[in-house]
Amino acid sequence: MVLLGTGAGQPMQKREKSFGIQMLSVQPDTKPKGCAGCNRKIKDRYLLKALDKYWHEDCLKCACCDCRLGEVGSTLYTKANLILCRRDYLRLFGVTGNCAACSKLIPAFEMVMRAKENVYHLDCFACQLCNQRFCVGDKFFLKNNMILCQTDYEEGLMKEGYAPQVR
Ligand SMILES: [Zn+2]
Ligand SMILES: [Zn+2]
Ligand SMILES: [Zn+2]
Ligand SMILES: [Zn+2]
């Protein structure tokens, strides 16, 4: 069975530096907190708490894409003093591994095809004899680490029956 997934696999989960974001409502009778982003006082009704600091909702942003992190699933990622959303963190720092077909690196954010232990670029996942592409759920065969469609696999078996391949 062909499985489709993003490259963000389990192996890198442990190395991720993710931090939770809390949204707190500001009590009117407390002293306003300073925002770690713009250094001004937070006079809004809500503030965000992350990395042990307080932030305006508008000031806790991804350094890359400027998205407001309080809205994007309440997690932020840091690396080298950058505050990033998950998407950019994975794009910049996550790596899935190497494509089993072309052996080039696959960034963690890219969609990949998985077959057993192997990961493949979407473009690389095709029968290596006839170049037929597979869809999710299609049958494919792995032989000597080659991806084969059913036709080529069965043809190979037939040929081998007559002339076994010597490796
Ligand atoms: Zn601010
Ligand atoms: Zn971002
Ligand atoms: Zn590839
Ligand atoms: Zn084929």
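Residues numbered from 1 in each chain as written. Chains lettered and ligands numbered in written order. Predicted model: local features only at pLDDT ≥ 70, side-chain atom pairs only at ≥ 80, totals over all residues. Heavy atoms only, no water.

S.K.: What is the right way to look at the coordination of the zinc ion (ligand 1) in this model?
M.R.: By definition of the ideal shapes, a tetrahedral metal site with four donors has angles of 109.5 degrees and an octahedral site with six donors has angles of 90 or 180 degrees. Those donors, Cys 35 (SG), Cys 38 (SG), His 56 (ND1) and Cys 59 (SG), are the protein atoms that reach the zinc ion (ligand 1), and they lie 1.9 to 2.3 Å from it. For the zinc ion (ligand 1), the 4 donor atoms are set out with angles of 103 to 113° between them, so the coordination reads as tetrahedral. One chain supplies every donor to the zinc ion (ligand 1), and in sequence these donors are spaced C-x2-C-x17-H-x2-C. In this pair, Cys 38 is assigned in the loop between β3 (22-25) and β4 (46-50) and Cys 59 in the loop between β5 (53-55) and β6 (75-79), connecting sequence segments 21 residues apart. Its relative accessible area of 25% is what places Cys 38 among the partly exposed residues. (Donors = N, O, S within 2.8 Å, 3.2 Å for Na, K, Ca; no water. Tetrahedral: all angles 85-135°; square planar, octahedral: opposite > 155°, others 65-115°. Helix = DSSP H or I, 4+ residues; strand = E, 2+ residues; numbered from the N terminus. Buried < 20%, exposed > 50% of the residue type's maximum accessible area, 1.4 Å probe, protein only.)

S.K.: Help me understand the pairing of strand β8 (residues 95-98), please; the structure alone is not making it clear to me.
M.R.: The two faces of a sheet get side chains in turn, since along a regular strand they alternate between them. By the bridge criterion, 3 bridges tie β8 to strand β9 (residues 105-107) in an arrangement that is antiparallel. Within β9, the position partnered with Val 95 by the bridge is Pro 107. Linking β8 back to β9 in an antiparallel pair, the connection comprises 6 residues, with Ser 103 at a positive phi of about 55°. (Pairing = 2+ DSSP bridges.)

S.K.: Explanation requested: the coordination of the zinc ion (ligand 3) in the structure shown.
M.R.: Looking at the zinc ion (ligand 3), the protein donor atoms are Cys 99 (SG), Cys 102 (SG), His 121 (ND1) and Cys 124 (SG), and they sit 2.0 to 2.3 Å from it. Here the donor residues for the zinc ion (ligand 3) map to a single chain with the spacing C-x2-C-x18-H-x2-C. Pair noted here: Cys 99 is in the loop between β8 and β9 and Cys 124 is in the loop between β11 (118-121) and β12 (141-143), with a separation of 25 residues, a long-range link. By relative accessible area, Cys 99 is classed as buried at 3%. Residue classification places Cys 124 among the partly exposed residues on the basis of a relative accessible area of 21%.

S.K.: So what exactly am I meant to see when it comes to unusual backbone geometry here?
M.R.: A negative phi angle characterises most non-glycine residues, just as the trans form characterises most peptide bonds. The backbone of Asn 39 sits at a positive phi, close to 65°, despite the residue not being glycine. Note that Asn 39 resides in the loop between β3 and β4. In this model, Ala 80 sits at a positive phi of 50°, which is unusual for a non-glycine residue. Structurally, Ala 80 can be placed in the loop between β6 and β7 (82-84).

S.K.: How should I be thinking about the nonpolar core in this particular structure?
M.R.: As a rule of thumb, soluble globular proteins bury nonpolar side chains together. Ranked by internal contacts, the top residues of the largest apolar core, which has 16 residues, are Ile 21, Leu 60, Leu 69 and Leu 76. Among all residues touching Leu 60, those that are not within four sequence positions of it are Ile 21, Leu 48, Ala 50, Trp 55, Cys 67, Arg 68, Leu 69, Gly 70, Leu 76 and Ile 83. Residues Ile 106, Val 112, Met 113 and Ala 115 belong to the second largest nonpolar core, which totals 15 residues. (Core = buried A, V, L, I, M, F, W, Y, C linked by side-chain atoms within 4.5 Å. Contact = heavy atoms within 4.5 Å.)

S.K.: I'm lost on the sheet that holds β6 in this one. Help?
M.R.: Remark on secondary structure: sheet strands pair via backbone hydrogen bonds, oriented parallel or antiparallel. In spatial order, the strands read β2-β6-β7; together these 3 strands make up an open sheet with antiparallel pairing. Bordering the open sheet on either side are β2 (18-20) and β7, each of which pairs with just one other strand. For this sheet, the mean angle separating the axes of adjacent strands, direction not counted, is 35°. In this sheet, β7 lies alongside β6 in antiparallel orientation, the contact comprising 3 bridges. Along β7, the bridge assignment pairs Thr 78 with Ile 83. (Axes fitted to C-alpha atoms, helices over the stretch in contact; angles between N-to-C directions.)

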